[in-house]
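The chain contents come next:
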Amino acid sequence: MYRNANCGELTADLAGKTVTLAGWVQKRRDLGGVIFIDLRDRSGFVQIVFNPEVSQEAWNTADKVRSEYCLSVTGQVSKRDPEAVNPKIKTGDIEIMISEINVLNKSKTPPFPIEDGIEASEDVRLKYRYLDLRRPEMLETFKMRNRVTHTLRSFLDEKDFLDIETPILTKSTPEGARDYLVPSRVHPGEFYALPQSPQLFKQLLMASGIEKYYQIARCFRDEDLRADRQPEFTQVDIEMSFFELKPFQDMIEDMLVNLVKKVKGIDIPRPFKRLTYAQAMDLYGSDKPDTRFGMTLIDLTDIAADSTLKVFKEVQEKGGKVKAINVKGKASHFSRKQVDEDLRGIVSPYGAKGLAWLKVEEGGMKGPIAKFFDEALTARIVERTNAEPGDLLLFVADNKKIVESSLGALRLHLGKILNLIDKSAFNFLWVTEFPLLSYSEEEHRFVAEHHPFTMPVLEDLDKIESDPGSVRAQSYDMVLNGFELGSGSERICNHEMQEKMFKVLGFTKERAEKQFGFLMEAFEYGTPPHGGMALGIDRIVMLLAGRSSLRDTIAFPKTASASDLLTHAPSEVSEAQLGELHLDVATLLK
RNA sequence: GGGUCCGUGGUGUAGUGGUUAACAUGCCUGCCUGUCACGCAGGAGAUCGGCGGUUCAAGUCCGCUCGGACCCGCCA
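In this convention, every chain numbers its residues from 1, walking through the sequence in written order. Just so you know, chain letters begin at A and ligand numbers begin at 1, following the order they were written in. Reporting in this predicted model follows two pLDDT cut-offs: at least 70 for local features of residues, and 80 or more for side-chain atom pairs to be given and counted; totals over whole chains, interfaces and linings ignore these cut-offs and use all residues. Working from all heavy atoms in the structure, the side-chain values ignore hydrogens and water.

Now for the protein's contact with RNA strand B. The cutoff for a nearby residue is simple: one of its non-hydrogen atoms must lie within 4 Å of the molecule or strand. The local shell around RNA strand B holds 51 residues, among which Asp30, Ala84, Glu95, Ala448 and His450 are the closest. Near the protein, within 4 Å, the atoms of RNA strand B are sugar or phosphate in 52% of cases. Think of a polar contact as two N or O atoms within 3.5 Å of one another; within protein, one of them needs to be a possible hydrogen donor and the other a possible acceptor, and neighboring residues in sequence only count if both atoms come from side chains. Here a phosphate oxygen of RNA strand B and a side-chain polar atom of Lys88 are 3.5 Å apart. Here Pro349 contributes a backbone N or O atom positioned 3.2 Å from a sugar or linking oxygen of RNA strand B.

Further remarks concern a negative patch on the surface. Each patch is built from residues that are more than 30% exposed by relative accessible area and take part in no salt bridge. Like charges join if they lie within 9 Å; nonpolar side chains (Val, Leu, Ile, Met, Phe, Trp, Tyr) join within 5 Å. Residue exposure ignores everything except the shown protein chains as possible cover, and the areas themselves are Shrake-Rupley values with a 1.4 Å probe. Here a salt bridge means any side-chain nitrogen of Lys or Arg lying within 4 Å of a carboxyl oxygen belonging to Asp or Glu. His is not counted, nor are the chain ends; Lys and Arg add positive charge and Asp and Glu add negative charge. Working definition for charges: the position is that of NZ of Lys, CZ of Arg, CG of Asp or CD of Glu. A cluster of acidic side chains, namely Glu496, Glu510, Glu513, Glu521 and Glu524, defines a negative patch on the protein surface. Starting at the N terminus, helices and strands are each numbered in turn, a helix being any DSSP run of H or I of at least four residues and a strand any DSSP run of E of at least two. Take the negative patch: its biggest share by element is three residues, from helix H14 (residues 509–522). Its place among the elements puts Glu510 in helix H14.

Moving on to unusual backbone geometry. Backbone torsion omega between Arg270 and Pro271 reads -5°, so that peptide bond is classified as cis. Along the chain, the position of Pro271 falls in the loop between helix H6 (245–264) and strand E11 (273–276). In the segment running from Ala569 into Pro570, the intervening peptide bond is cis, with an omega of -5°. Located in the positive-phi region is Ala562, a residue other than glycine, with phi close to 65°. Tracing the sequence through the fold places Ala562 in the loop between helix H15 (537–544) and helix H16 (575–580). Buried residues are those whose accessible area, probed at 1.4 Å on protein chains only, stays under 20% of the maximum for their type, while exposed residues exceed 50% and partly exposed ones sit between those limits. Overall, the relative accessible area of 23% leaves Ala562 in the partly exposed class.

Turning to helix H13 (residues 495–504), its buried residues are His495, Met497, Gln498, Met501, Phe502 and Val504. Buried residues along H13 sit in contact with strand E18 (437–440), strand E19 (445–448) and H14. Its side-chain oxygen 2.9 Å from the backbone nitrogen of Glu496, Asn494 forms the N-cap of H13. Where H13 terminates, the next one or two residues include Gly506, which has phi positive at roughly 85°. Two residues qualify as a contact provided that any one of their heavy atoms is within 4.5 Å of a heavy atom in the partner residue.

UniProt positions are given in the numbering used here, feature names are shortened, and annotations may be inferred rather than shown by experiment. The sites that UniProt annotates as "domain: Aminoacyl-transfer RNA synthetases class-II family profile" (unreviewed entry) are residues 142–557. With 34% helix and 22% strand, residues 142–557 has end C-alpha atoms that lie 13 Å from one another.

What follows deals with the pattern of salt bridges. Following the criterion strictly, the structure yields 48 salt bridges and no others. Linking Arg28 and Asp63 is a salt bridge whose minimum nitrogen-to-oxygen distance equals 3.5 Å. Of this pair, Arg28 sits in strand E1 (residues 18–30) while Asp63 is found in the loop between helix H1 (56–62) and strand E4 (70–79), placing the two residues 35 residues apart along the sequence. For Asp63, a relative accessible area of 29% gives the class partly exposed. Shared partners join several salt bridges into a network, and the residues in it are Glu122, Arg125, Arg129, Asp132, Arg135, Glu137, Arg547, Arg551 and Asp552.

Another aspect to go through is the environment of Val186. Secondary-structure assignment places Val186 in the loop between strand E7 (181–183) and strand E8 (191–193). Relative accessible area serves as the criterion here: at 55%, Val186 is assigned to the exposed category.

On the surface, a cluster of nonpolar side chains totalling about 260 Å² of accessible area is made up of Leu181, Phe191 and Leu583. Inspection of the secondary structure puts Phe191 in strand E8.

Under the UniProt annotation, the feature "binding site: L-aspartate" (unreviewed entry) is placed at Glu175, Arg221, His450 and Arg491. Counting through the fold element by element, Arg221 comes out in the loop between strand E9 (212–220) and strand E10 (232–241). Classification of Arg221 as partly exposed rests on a relative accessible area of 31%. Contact partners of Arg221, with chain neighbours within four places excluded, come to Ala177, Arg178, Tyr180, Gln196, Ser197, Pro231, Phe233 and Gln235. Assignment of secondary structure puts Arg491 in the loop between strand E21 (483–490) and H13. Overall, Arg491 belongs to the buried group, its relative accessible area being 1%. Reaching out from Arg491, the side chain makes a polar contact with the side chain of Glu239 at a distance of 2.7 Å.

What follows is the structure, encoded as structure tokens:
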């Protein structure tokens, strides 16, 4: 027997009882005569004591034991003397007097200490991921992840959703992200793709009469990564037939409220806040706004155009925007240099050519652009921005996209550095009525904003050919604290509508048939109206656990360049393997 | 595809172009029977990511390259 109790669960009630524990050496303190070891397992740790008077043999072994040795020990639970109690430790009022020790496995000295809050760099942690995962905070994150998936599964199961698996080896589709491809051995020159999401299959399951489907599904996208993006990630994917928007969204809210309650013990108020895409962009400069703080974008295009500042006037004439944010009471917080260098550095990657500013003072404005605004204009700005002495106004003037994205990023940056964000808050937000299509400069055509199976808003349908960019979609995103958790939509289930959609997307009939013919054919066999959504599990866990990187929520994640530092994937394969797959790797030229 | 930052004993950092590369921690050895950030004494441990260049002289400057982090583009 390796053990009959867990280290972190022992209490003084067991005093006098003999227990057998198994775990790892967290810390060894050798006082010459007596040796103390903190023994750690998944449940926590407890101090075990080796005293030669109890067992010379066990002491001899403990003398040689080092950090991260894996042990099984037997001894008597003992209450500590009052002066020896350590109130900082959960099991600090007891210790185990060891009579028997068994070294199950030795350990090299670990490259970093197995404890919370370590400073080891990310690459070292990933190379020794199995050691990193031993750290309590990592363990806690994965316990939480388990609670998240378990809670979601029971919720959806109770609502009669069926968990159905869909293929990992599937068909490459032209829309959306770049596919990870898998060469076929049996079909020379042909490839499977790993799914970007189970989208097509879940729609086919609706055609199959499943009515309610869910899956905790792995998705793969071969695109460049970010702190909140991994090449493979997990979604809770949901789809239902006889879909109606309101009840469906109510159920999703229920599911998330239930989730946060079960996992964090926090009550989230309902209904969730809602913004249309247009409102979100207008107020926050983002389609996934962090609504935990204000400082929204204020449109000053009309006022700015009346000023004598040439760039503001020109922007207005070209149909652009002048917008500002009011950094309340922080005028003295930023020097001219900090605005011109630090804050400008935030907006410039988004294409903003400048960042104008005004400091609000009693009876006027101060700053390089103040002279372009007369008293009346200044008064209008004060009124529009609710400015008070001590406020700092920051302006960007450019086309709508640049103004919104840059000021949106600036707002977020300021919210973080000025501590305007309530870190304990969970602000869920629906963002609705996304555009159905957006124009791709790269491809010189309209592409689906969500995916090509999204139902347009019916009243916009007549504009789908004349002004495709203005058509809204029956789609919605779920946003939490500035992160897109997921998106969904009502789907097209009608063959003609789907054909029309592919036409707008620039597909020939033949190409649409070849790529998606199976789906369109399914629509001809009584496919019910349906819709659904998918929510990113990794991001949910990241936010609930208060982590800042998705890597901390995935057991074996990849780096920003999509490599695995532990296994060294991806890696070269043998000529023989390539041959079987009918592949010839082009020689890389320098 | 582009940008910013980083790479120095096991780990984390410091390091004006100039002597033997510093500090903390970890590790090893010895001493120590009540520690829990144990203590005390001693010791080992670095081709300064790699290649090339500038220079009398490079951890330090330059170029390339590899690796990591973050951002823009990209991510239906």
